[in-house]
Amino acid sequence: MTSAAASGSATAALPTRFCGIELAHPIVNGSGTFDAIAAQRAFGPALVEQFPFAAFVSKTVTLAPREGNPPPRLWELPAGLINSIGLPNKGLAGYLTHDLPELAALPVPLIVNVMGFTRDEVAELVSAFAERDEVAALELNVSCPNVETGLIMGADPAETALLVERVRPLTDKPLIVKLTPNATDPGAVAVAAEAAGADALSLINTIRGMALDPRTHEPWLGGTTGGVSGATVRAVALAQVYDVAGRVSIPLVAMGGVQRGRDADDLLRAGATLVAVGTESFRDPLAGARVADELTRIRRPDARPGARARG
Amino acid sequence: MTSAAASGSATAALPTRFCGIELAHPIVNGSGTFDAIAAQRAFGPALVEQFPFAAFVSKTVTLAPREGNPPPRLWELPAGLINSIGLPNKGLAGYLTHDLPELAALPVPLIVNVMGFTRDEVAELVSAFAERDEVAALELNVSCPNVETGLIMGADPAETALLVERVRPLTDKPLIVKLTPNATDPGAVAVAAEAAGADALSLINTIRGMALDPRTHEPWLGGTTGGVSGATVRAVALAQVYDVAGRVSIPLVAMGGVQRGRDADDLLRAGATLVAVGTESFRDPLAGARVADELTRIRRPDARPGARARG
Amino acid sequence: MSAGALAVTTDDGRRTLAPPGRRRVTVLARQQFGAYAVLRCADPGGPPPRPGQFAMLATAERWGGGDGERPFLPRAFSVLRARPGELEFLLEDVGPGTARLAELEPGDGLWVLGPLGIGFSVAASELAGRRALLVGGGVGIAPLAILQDELVASDAAVTALLGFRDGLHAAGAALLRDARIATDDGSAGHAGLVTDLLTAELDRDQAAIVYACGPPPMLEAVRALCAGRAVPAQLALESGMACGFGACFGCVVPTRSGYVRLCLDGPVLDADRLETALTPGAGH
Amino acid sequence: MSAGALAVTTDDGRRTLAPPGRRRVTVLARQQFGAYAVLRCADPGGPPPRPGQFAMLATAERWGGGDGERPFLPRAFSVLRARPGELEFLLEDVGPGTARLAELEPGDGLWVLGPLGIGFSVAASELAGRRALLVGGGVGIAPLAILQDELVASDAAVTALLGFRDGLHAAGAALLRDARIATDDGSAGHAGLVTDLLTAELDRDQAAIVYACGPPPMLEAVRALCAGRAVPAQLALESGMACGFGACFGCVVPTRSGYVRLCLDGPVLDADRLETALTPGAGH
Ligand SMILES: Cc1cc2nc3c(=O)[nH]c(=O)nc-3n(C[C@H](O)[C@H](O)[C@H](O)COP(=O)(O)OP(=O)(O)OC[C@H]3O[C@@H](n4cnc5c(N)ncnc54)[C@H](O)[C@@H]3O)c2cc1C
Ligand SMILES: Cc1cc2nc3c(=O)[nH]c(=O)nc-3n(C[C@H](O)[C@H](O)[C@H](O)COP(=O)(O)OP(=O)(O)OC[C@H]3O[C@@H](n4cnc5c(N)ncnc54)[C@H](O)[C@@H]3O)c2cc1C
Ligand SMILES: Cc1cc2nc3c(=O)[nH]c(=O)nc-3n(C[C@H](O)[C@H](O)[C@H](O)COP(=O)(O)O)c2cc1C
Ligand SMILES: Cc1cc2nc3c(=O)[nH]c(=O)nc-3n(C[C@H](O)[C@H](O)[C@H](O)COP(=O)(O)O)c2cc1C
Ligand code: FES
Ligand code: FES
């Protein structure tokens with residue numbers, strides 16, 4: 001066991017460049033798995049002083065506000081979690097007014113994750129953030145249906161290409177397309193996104209899963225099905241990252257079940273540039289810093305004297 | 001913990017009809033996870049006397065013999081397994097000569113699983129078994145590419161429909177189409193298979209996954225990637241079975257991570273008619289009988305006196 | 001990490017801020033009270049929690065660890081009692097997480113993240129001449145113990161009414177002072193529901209403020225009872241939590257103004273914010 | 001399940017059939033031999049294994065159980081020794097499965113499936129005037145102990161040559177009789193490889209049959225040495241196994257006639273069936 005808190009010293013030991021953004025290390029958060037504003041309510045300014053990630057990715061923003069799915073929203077698995085959160089958020093206007101100023105004050109670059117149910121909606125979101133200097137990059141969450149075509153945008157290479165082509169001219173900021181693992185061939189979607197002008201790709205989002213209430217035998221989750229994350233998806237994430245890395249040349253943000261430095265190391269070796277920590281932050285709010293610290297020891301064993309002998 | 005061996009008495013307590021075949025209970029094996037001939041070499045005639053499944057599904061047969069993938073072929077996960085076995089088998093001729101007579105002697109109906117790399121190959125396999133009285137039903141493993149189109153047959157509704165339409169006229173035996181979970185919409189494939197004449201569907205096959213050698217950081221498996229099975233896929237399997245059950249009216253053989261009677265019960269409640277045990281048989285060769293026994297106690301608590309008070 | 005001696009409170013004194021890292025503390029003692037276990041652990045430098053706040057707990061060993069089985073996520077527990085440098089929690093074994101925690105022995109390691117959430121309001125303006133009625137059900141008595149300590153220290157008038165399933169559980173009543181008891185099976189105290197005791201108390205004198213924690217049906221009965229008589233009530237709710245600090249949006253409960261994250265805006269909610277205290281997926 | 005007193009052997013007497021159910025046995029003793037642990041367990045009615053056969057083991061508690069972490073699958077272990085109603089296994093802690101097994105205490109439960117696989121051939125025709133040279137490396141000495149017992153009981157001439165990393169491991173040599181030892185670091189016996197001892201033995205007299213078990217490089221050296229001198233050799237190999245009874249096709253090793261499932265057609269293979277004993281993914 002490593003000590004609970006990451007020491008600041010190690011986290012600067014793996015400087016990383018991603019789409020022109022300089023980061024102290026390659027560990028960021030998965031969208032929707034860390035709320036930096038809520039965390040400041042719980043932890044106060046100490047959270048900012050010990051901020052665990054090299055960049056902050058905010059929860060998916062949609063055009064209109066969303067309440068999210070009815071509870072229960074969580075089901076624990078042997079080494080993971082199913083969630084049916086349903087993307088609750090204040091909507092674009094609410095985000096710009098309430099969240100953006102607070103998130104812009106974080107000590108790390110801000111990546112805003114957006115999702116729309118039509119290409120026009122996504123375009124409106126991208127345009128809105130294009131002019132905001134506080135935003136370092138945009139991530140497109142394409143794990144949702146296009147209500148016009150009925151297709152899951154990110155499961156279909158052609159849909160993804162049309163979407164990226166539509167929004168690419170609207171901003172100079174790096175565009176990260178977040179792939180869904182619930183697709184026949186995420187590699188083909190990746191290739192299409194790259195060709196259409198994406199600057200980077202992130203993967204994996206959660207895998208569709210479900211549980212029954214042990215008493216009623218009805219679906220447990222308010223949203224009926226949900227998304228599986230955590231250690232239990234790690235092997236699937238690694239396979240998809242390895243495959244996509246072999247088919248595109250833009251950088252990848254890899255995630256799925258990262259708990260320790262060596263999980264991050266595996267994803268980097270499979271071809272990723274950044275690694276995101278998601279579910280593990282629920283178990284340990286400073287997991288991002290711990291993973292960065294463990295990774296530094298794996299990658300640069302001599303970076304700190306005595307680091308190997310347990311820091 | 002229940003006792004190691006399933007008592008024969010309980011296993012007859014849940015008679016099940018599947019595509020016109022009468023079974024003693026709803027528990028069968030997953031193709032490729034039990035070799036009844038090898039098991040007789042290890043266990044002798046006792047294996048047949050205590051045969052753990054209500055029907056036997058044989059490992060995928062291809063037209064030509066296959067050696068399978070180079071080792072290593074296995075990687076253990078927290079609650080599961082990645083395999084890259086690569087469908088080793090004696091080929092159709094070898095199967096008919098060597099395996100079929102032995103498997104026909106089992107005390108339960110025989111379901112033969114076949115796979116081809118073109119529609120003609122599948123047709124040839126189906127035709128060959130169509131005339132064999134020893135075979136109760138055929139299962140089509142469509143988790144492989146059609147070498148002519150490059151598409152994974154079972155990931156694409158149109159491909160699946162063309163395949164089933166091609167082979168449907170060749171046999172009166174029940175045709176089970178085994179879906180792949182590595183598809184954008186297994187439910188759409190299910191609907192296409194039903195429309196094209198499938199009598200039943202089975203799901204899920206393994207989910208693509210991967211591991212790196214902890215020492216060399218190269219892919220561990222001889223086949224680079226493999227298929228994830230076991231408890232770790234249970235939530236994903238349940239979601240797909242629930243979804244498919246809501247979209248077709250033909251019976252389903254459900255599998256994925258079944259370890260206990262209540263896992264089987266969940267899949268039956270999600271809409272399946274049969275449940276297959278795969279990876280769990282590796283941990284306990286009589287797992288099929290144990291699951292059937294546990295299921296009987298859940299479903300018919302009064303079937304045996306004192307069953308509830310731990311049999 | 002050092003939690004620092006100077007604790008900062010926010011949310012009108014109802015929240016003590018937590019250090020952002022989980023800390024590994026040492027179990028000092030485990031004591032059994034009938035069906036319940038009390039874990040006492042050393043928390044040197046840990047900030048003093050407000051009554052009603054909770055912590056996310058996980059054992060340091062055999063809690064899923066790197067590649068874990070269930071329990072995988074930490075579990076939420078109300079602070080039962082806090083002394084400088086020490087924390088106490090009350091557990092009932094209802095599943096894999098509580099079972100594992102209930103196995104801990106003195107000297108074992110425990111991960112603690114907390115104190116979290118917003119606790120009870122005991123502002124003088126709130127009490128304002130009213131006596132405090134503490135209504136607890138089962139393991140829900142936990143946050144009432146630390147609340148009673150605080151109210152007694154400030155010389156407020158307090159009455160504790162506690163309900164339990166049976167005599168084995170009623171042993172938990174020893175954790176509060178002078179508690180009046182109801183049991184479902186009549187094996188101790190009043191035979192019936194704790195809300196019978198509450199009704200009698202309110203019938204006697206409505207000048208009261210109710211602080212309640214317990215299973216959803218009990219909380220809902222308390223809510224309805226107090227609403228009907230315009231008695232102010234604060235309810236400590238439960239819901240399934242993955243993180244405890246607002247990260248996952250998993251713990252929401254419906255209020256009159258929409259879903260709120262119980263770990264962030266609760267677990268104590270003013271009763272009049274709720275249409276019902278029967279929240280889906282909570283309680284056992 | 002009762003395993004039955006009448007054991008049936010097949011494969012020219014090299015395989016005792018296993019009962020098809022795994023059976024829960026009780027650990028009687030755990031004894032440490034330097035770096036190795038020996039587990040002795042009661043196996044009433046269990047069929048007597050042939051030397052070289054193995055069993056799939058898993059602890060009854062905390063082995064993944066219903067919803068498990070690693071270890072998830074059972075692990076393969078050669079039978080070290082068998083007495084009526086008892087089995088012994090030799091373990092070296094190299095990972096989560098062996099670590100968990102090495103924690104077992106007398107009275108603990110153990111799942112056993114076996115005996116499995118094809119053991120050594122000790123047919124008179126095979127020995128035919130040759131002396132038996134038992135060549136073991138590290139934990140690979142396990143199947144040689146039961147083999148030596150059998151050969152000694154039939155009055156065959158036997159010499160045991162055992163190689164270890166260091167003195168701590170060389171303590172395992174006490175499990176065989178009159179073993180000659182080599183250690184990598186020279187801390188016990190010959191300083192060097194066990195194949196040095198084998199070379200010297202064969203130089204002295206080639207009328208021998210070699211039975212070997214150990215890490216792949218050692219087995220490969222033995223294979224090459226014996227092949228060069230036309231000395232018959234039987235090698236007990238290792239590979240990653242999920243099931244142990246031919247169900248998964250995961251344990252294959254390449255032979256001159258293609259892949260064979262080591263759990264079904266091995267683990268003992270005639271050396272001349274192999275191009276090399278260096279099989280991918282095996283050994284540590
Ligand atoms: C703010 C707060 C304070 C609390 N304070 C206390 C306290 O002081 N003392 C105390 O004993 N308890 C307290 N609890 C409750 C405690 O957190 C739960 O009892 C505990 O989480 C149960 O964990 P478990 O692993 O033992 O049981 P679980 O298996 O998690 O079962 C508990 C309930 O969760 C549901 N469930 C079952 N399986 C799953 C699954 N796989 N995934 C998700 N849900 C499932 C069921 O409804 C079940 O009844 C508190 C809860 C909250 C939110
Ligand atoms: C026929 C046979 C007989 C044997 N007899 C004995 C015996 O008598 N005594 C004895 O001590 N051992 C014996 N072994 C070896 C023993 O089975 C292994 O040492 C054991 O399986 C290791 O399990 P583990 O969990 O401790 O280690 P593991 O973690 O399984 O590590 C063992 C090796 O497996 C690989 N590995 C690492 N992680 C994984 C993973 N996630 N999935 C798959 N592979 C991984 C690595 O190469 C590692 O070195 C025998 C093996 C066989 C096949
Ligand atoms: C509770 C929860 C909420 C999530 N919300 C979002 C979201 O709003 N937008 C998004 O793109 N991904 C979301 N994700 C997916 C994660 O960012 C990440 O892709 C996934 O969880 C895999 O990583 P992990 O295994 O480390 O959690 C969410 C995941 C979880 C567990
Ligand atoms: C080692 C192994 C080999 C398999 N071989 C086949 C096969 O030959 N044909 C097939 O259709 N499915 C095959 N499968 C898939 C299983 O039949 C089953 O669909 C899958 O393992 C999910 O069930 P489980 O989690 O219970 O194992 C194989 C699975 C495993 C683990
Ligand atoms: S428990 Fe995660 S937001 Fe409340
Ligand atoms: S271990 Fe499964 S076939 Fe050999």
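Rules behind the numbers
Residues numbered from 1 in each chain as written. Chains lettered and ligands numbered in written order. Predicted model: local features only at pLDDT ≥ 70, side-chain atom pairs only at ≥ 80, totals over all residues. Heavy atoms only, no water. Domains from an automatic or database assignment. Contact = heavy atoms within 4.5 Å. Buried area = accessible area lost by both parts, 1.4 Å probe. Salt bridge = Lys/Arg side-chain N within 4 Å of Asp/Glu carboxyl O. Polar contact = N/O pair within 3.5 Å; in protein donor to acceptor, adjacent residues only side chain to side chain. Helix = DSSP H or I, 4+ residues; strand = E, 2+ residues; numbered from the N terminus. Near = heavy atom within 4 Å. Areas by Shrake-Rupley, 256 points an atom, 1.4 Å probe, with all protein chains shown as cover. Nonpolar A, V, L, I, M, F, W, Y, C, P; charged D, E, K, R; others polar. Pairing = 2+ DSSP bridges. Axes fitted to C-alpha atoms, helices over the stretch in contact; angles between N-to-C directions. Buried < 20%, exposed > 50% of the residue type's maximum accessible area, 1.4 Å probe, protein only.

## Let's talk about the domain arrangement of chain C
All names here are of chain C.
Here is step 1: Segmentation of chain C into domains returns domain 1 (3-116) and domain 2 (124-273).
Here is step 2: On a C-alpha basis, the centres of domain 1 and domain 2 stand 21 Å from each other.
Here is step 3: Taken residue by residue, the interface counts 26 residues in domain 1 and 29 residues in domain 2.
Here is step 4: Around 2300 Å² of area is buried between domain 1 and domain 2 when both sides are counted, 63% of it from carbon and sulfur atoms.
Here is step 5: In this structure, Arg81 engages Asp149 in a salt bridge whose closest nitrogen and oxygen atoms are separated by 2.9 Å.
Here is step 6: Applying the counting rule to domain 1 against domain 2 returns eight residue pairs in polar contact (both at pLDDT 80 or more).
Here is step 7: Secondary-structure elements contributing two or more residues to the side of domain 1 that touches domain 2 are strand 4 (36-42), strand 5 (54-59), strand 6 (75-83), strand 7 (86-92) and strand 8 (109-116).

## Points about the site of ligand 3
Here is step 1: The immediate surroundings of ligand 3 are formed by 24 residues, with Ser31, Thr60, Lys178, Gly257 and Thr279 of chain A found nearest.
Here is step 2: What surrounds ligand 3 is not a single chain but chains A and C.
Here is step 3: One of the backbone nitrogen or oxygen atoms of Gly230 of chain A is found 2.8 Å away from an oxygen atom of ligand 3.
Here is step 4: Contact with the protein chains hides 98% of the accessible area of ligand 3, taken as 610 Å² for the molecule alone.
Here is step 5: Class assignment of the residues belonging to the shell around ligand 3 gives a composition of six nonpolar, 16 polar and two charged.

## Points about the sheet that holds strand 5 (residues 74-77) of chain B
Here is step 1: Taken together, four strands build an open sheet; the order of strands is 5-6-12-11 (chain B) and the sheet is antiparallel. Edge positions in the sheet fall to strand 5 and strand 11 (207-209) of chain B, since each has one partner strand and no second. Averaged over neighbouring strand pairs, the angle between their axes works out to 35° when direction is ignored.
Here is step 2: Taken together, the four bridges between strand 5 of chain B and strand 6 (residues 80-83) of chain B define a ladder with antiparallel strand orientation. Residue Trp75 of chain B lies in a different strand from strand 6 of chain B, and its bridge partner there is Ile82 of chain B.
Here is step 3: The strands that helix 8 (residues 234-245) of chain A touches are strand 5, strand 6, strand 11 and strand 12 (226-229) of chain B; relative to strand 11 of chain B, the one it contacts most, it runs at about 70°.

## Comments concerning the site of ligand 1
Here is step 1: Neighbouring residues of ligand 1: 26 residues in total, closest Arg70, Ala76, Leu90, Gly97 and Thr98 of chain C.
Here is step 2: Flanking ligand 1 are residues from chains A and C.
Here is step 3: At 3.0 Å, a backbone N or O of Ser78 of chain C approaches a nitrogen atom of ligand 1.
Here is step 4: Taking Thr98 of chain C, its side chain carries an N or O atom lying 2.5 Å from an oxygen atom of ligand 1.
Here is step 5: About the coverage of ligand 1: the protein hides 87% of its 950 Å² of free accessible area.
Here is step 6: Of all elements in the fold, only strand 5 (74-77) of chain A together with strand 6, strand 7 and helix 1 (96-101) of chain C reach the threshold of two or more residues within the shell around ligand 1.
Here is step 7: In terms of residue class, the shell around ligand 1 is made up of 13 nonpolar, seven polar and six charged.

## Observations concerning unusual backbone geometry
Here is step 1: Between Leu203 of chain B and the following residue, Ile204 of chain B, the backbone shows a cis peptide bond with an omega angle of 5°.
Here is step 2: Summarising the element assignment, Ile204 of chain B is placed in the loop between strand 10 (200-203) and strand 11.
Here is step 3: The omega torsion across Gly266 of chain D and Pro267 of chain D is 10°, close enough to zero to call that bond cis.
Here is step 4: As for its position among the elements, Pro267 of chain D is in the loop between helix 7 (262-265) and strand 17 (268-270).
Here is step 5: The phi torsion at Cys19 of chain A lies on the positive side, around 50°, for a residue other than glycine.
Here is step 6: Its location among the elements puts Cys19 of chain A in the loop between strand 1 (16-18) and strand 2 (21-23).
Here is step 7: Residue classification places Cys19 of chain A among the partly exposed positions, given a relative accessible area of 26%.

## Let's talk about the sheet that holds strand 17 (residues 268-270) of chain C
Residue and element names in this part refer to chain C.
Here is step 1: Read from one edge of the open sheet, seven strands run 12-11-10-9-13-14-17, paired in mixed fashion. A single partner strand is all that each edge strand has here, and the edge strands are strand 12 (190-191) and strand 17.
Here is step 2: Across the sheet, helix 3 (residues 142-153) lies against strand 9 (131-137), strand 10 (158-164) and strand 13 (208-213), angled at about 165° from strand 9, the strand it touches most.
Here is step 3: Sitting on the sheet, helix 6 (residues 216-229) touches strand 9, strand 13 and strand 14 (233-236), and the angle it makes with strand 13 is about 165°.

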